[in-house]
Every structure is written in C-alpha cells, then in structure tokens.
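What follows is each chain in one-letter form.
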Amino acid sequence: MFVKLCGFTRHEDIEKILDLNISAAGFIFYKASKRYVKPVVAKELCEVLRGSGIAATGVFVDDDADTIKSIADYAGLDMLQVYSSETAAALKGFLPVISCFRVKQEHTADDLPVPQEGGHILFDTFDSGSMGGTGKAFSSSILKSYRFRDRMIVAGGINSGNIGSLVRDIKPFGVDISSGIETEPGIKSPDKIKEILEIIAEAENDSIT
C-alpha cells in the first residue's frame, strides 16, 4: 500500500522514518497551514530523505504551475500534490501529480471526480476554515462504490482507531496521514507512526487471507 505521511517540519522527524515502510513524506507549502515550511527548510529536509526511497512530496494549494515548478526544482521534490485540477493538468509530464478533492458531508460516490490520466486522486475532508490537516474524517462508506479505488488515496482524520477498517473495507491504493501521527501540528510521534504502520500491515494481511 502507498503510505504518505504528511506535514513534516523537522529534521529529527524525517530521520526517524528513513528505514520505515513509507512511500512518501509530505511538505506543506501553503502559508496558512500550521505545518507550513519555507522552501529553504524543505530543501534541507529533502536532502535528508534522499536515497531512502521515500518520495519527497510538495503540497500546494493556491500556487500556479510555474511557481510550483520553481519550488520543486529548488527543494528537490519527487512528487506534487495540488488542489486544482487545472494546475494538475498544467503540471503533467513535470513530476508525478496527486490531485486533491475535498469531500463534503452531502457528497455521494457519483459526485467524486475521476483521476487525471496516469495520475492519482486524493480525497480529503472539506472544512471551510482549513485546507487539510484538521483531524476531521469524512464518511468513507461513500468510497465503496467509487470505480477508481486502485488510483485513490484517502486522507482526512485518519488515525490508529479507524485506519484498520479503512484498509480492510475500502481497500484504497493509498492513505495519507498527518494529524493522526502527531503530538501537535508539525511534531511527529514515532510511537504513533509505528502503531499506524503495524495496523496497516495487519489489515492488509487480513484482506489477503
């Protein structure tokens, strides 16, 4: 399973995940976020990741494609995550792109967009006051009938209490976790990360057997 841990801000937290079974580490370039990192800090963190096999992923909310490309080149990003389908399309061929859609309480599976060609789509919880990392979950039951679960990444309030059932029942391509592995915004807990990864492994094994 693709496992992305998001909202890293500190060297020591990156160093503790280098040998873990993690696919990607996310850095937030949205200035209104509590987990925002300046490009110069992200560059340093990406250098710590280099060679680990963990994809350095930049999360962008309101930047245009040219700005994103500039930051990605400077920081040394491997992957991008954006909240605009138009921006995602403009970045095609530059780096792998995850396009994001924020799920509202009233949405059904029919309301959910199709992933862009060759890319993946991430579903996060809609919140009028924040663009992510709120710790709030949406009802994942609507994803059971979504036709593109093999290209779907689920975010939004994922923690040790709900990730097992999510993996077993929904079987997404991947998961994205931020607040569920923290002691406070931007401060990661090695114990919570370890617990989450153990639950994922157990749930995947249950799905096979």
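Conventions and cut-offs
Residues numbered from 1 in each chain as written. Predicted model: local features only at pLDDT ≥ 70, side-chain atom pairs only at ≥ 80, totals over all residues. Heavy atoms only, no water. Pairing = 2+ DSSP bridges. Helix = DSSP H or I, 4+ residues; strand = E, 2+ residues; numbered from the N terminus. Axes fitted to C-alpha atoms, helices over the stretch in contact; angles between N-to-C directions. Contact = heavy atoms within 4.5 Å. Buried < 20%, exposed > 50% of the residue type's maximum accessible area, 1.4 Å probe, protein only. Right-handed = clockwise from strand over helix to strand, strands pointing away. Phe/Tyr/Trp six-rings, centres within 6.5 Å; stacked < 30°, edge-to-face > 60°. Lys NZ or Arg CZ within 6 Å of the ring centre and 35° of its normal. Core = buried A, V, L, I, M, F, W, Y, C linked by side-chain atoms within 4.5 Å. Polar contact = N/O pair within 3.5 Å; in protein donor to acceptor, adjacent residues only side chain to side chain. Salt bridge = Lys/Arg side-chain N within 4 Å of Asp/Glu carboxyl O.

A. Structural context of the sheet that holds strand β6 (residues 120–125). With respect to topology, 8 strands assemble into a closed barrel ordered β1-β2-β3-β4-β5-β6-β7-β8, the strand pairing being parallel. When strand polarity is set aside, the average angle formed by the axes of neighbouring strands in this sheet is 25 degrees. Relative to strand β8 (residues 174–177), strand β1 (residues 2–6) runs parallel, the two sharing 4 bridges. Bridge pairing in β8 places Lys 4 opposite Asp 176.

B. Local environment of the side chain of Gln 81. Checked against the element boundaries, Gln 81 lands in strand β4 (residues 79–82). Setting aside residues no more than four positions away along its own chain, Gln 81 makes contact with Lys 4, Thr 57, Gly 58, Val 59, Phe 60, Ile 98, Cys 100, Leu 122 and Asp 176.

C. Main features of the pairing of strand β3 (residues 55–60). Here β3 lies mainly inside the structure; 6 of its 6 residues are buried. The side-chain alternation of β3 yields two buried faces, one formed by Ala 55, Thr 57 and Val 59 and the other by Ala 56, Gly 58 and Phe 60. Crossover handedness for the path β3 to helix α3 (residues 65–75) to β4: right-handed.

D. Representation of the packing of aromatic side chains in the model. Overall, the coordinates contain 5 aromatic pairs when judged by the stated rule. Taking 6.2 Å as the distance between ring centres and 90 degrees as the angle between the ring planes, the aromatic pair formed by Phe 101 and Phe 123 counts as edge-to-face. Here Phe 123 lies in strand β6 and Phe 101 lies in strand β5 (residues 97–103), a separation of 22 residues in the sequence. We classify Phe 101 as partly exposed; its relative accessible area is 21%. Measuring from centroid to centroid gives 5.7 Å for Tyr 146 and Phe 148, while their planes differ by 65 degrees, and the two rings are edge-to-face. According to the relative accessible area criterion, Tyr 146 is buried, its value standing at 5%. Exposure remark for Phe 148: the relative accessible area of 18% places this residue in the buried category. Members of the aromatic cluster, each reached through a chain of ring pairs, are Phe 101, Phe 123, Tyr 146 and Phe 148. Directly above the ring of Phe 94 sits Lys 69, whose terminal nitrogen or CZ lies 5.8 Å from the centroid.

E. Molecular detail of the nonpolar core. Ile 17, Phe 27, Leu 77, Phe 123, Leu 143 and Ile 163 are the most contacted members of the largest nonpolar core, which totals 53 residues. Of all the elements, helix α6 (residues 190–208) adds the most residues to this core, at 6 residues. In contact with Leu 143, not counting residues within four places along its chain, are Leu 112, Phe 123, Phe 138, Arg 149, Met 152, Val 154 and Ile 170. Counting 14 residues, the second largest nonpolar core, distinct from the first, contains Cys 6, Ala 24, Val 61 and Ala 155.

F. Highlighting the side chain of Thr 57. Structurally, Thr 57 can be placed in strand β3. Taking relative accessible area as the criterion, Thr 57 reaches 0% and is therefore assigned buried. In this structure the side chain of Thr 57 is engaged in a polar contact, spanning 3.2 Å, whose partner is the backbone oxygen of Ala 55. In contact with Thr 57, other than residues within four places in its own chain, are Lys 4, Ala 24, Ala 25, Gly 26, Phe 27, Leu 77, Met 79, Leu 80 and Gln 81.

G. Molecular detail of the pattern of salt bridges. In this structure the tally under the stated criterion is 6 salt bridges. The residue Glu 12 makes a salt bridge to Arg 10 at a minimum N-O spacing of 3.2 Å. By relative accessible area, which is 35% here, Glu 12 ends up partly exposed. Its relative accessible area of 27% is what places Arg 10 among the partly exposed residues. For Glu 117, the salt bridge is made with Lys 92, and the minimal N-O distance between the two is 3.6 Å. Of this pair, Glu 117 sits in the loop between β5 and β6 while Lys 92 sits in the loop between α4 (85–90) and β5, placing them 25 residues apart in sequence.

H. Spatial organisation of unusual backbone geometry. For Lys 171, which is not a glycine, the phi torsion comes out positive at approximately 55 degrees. Within the fold, Lys 171 resides in the loop between α5 (163–170) and β8.

These figures come from the coordinates and say nothing about function on their own.
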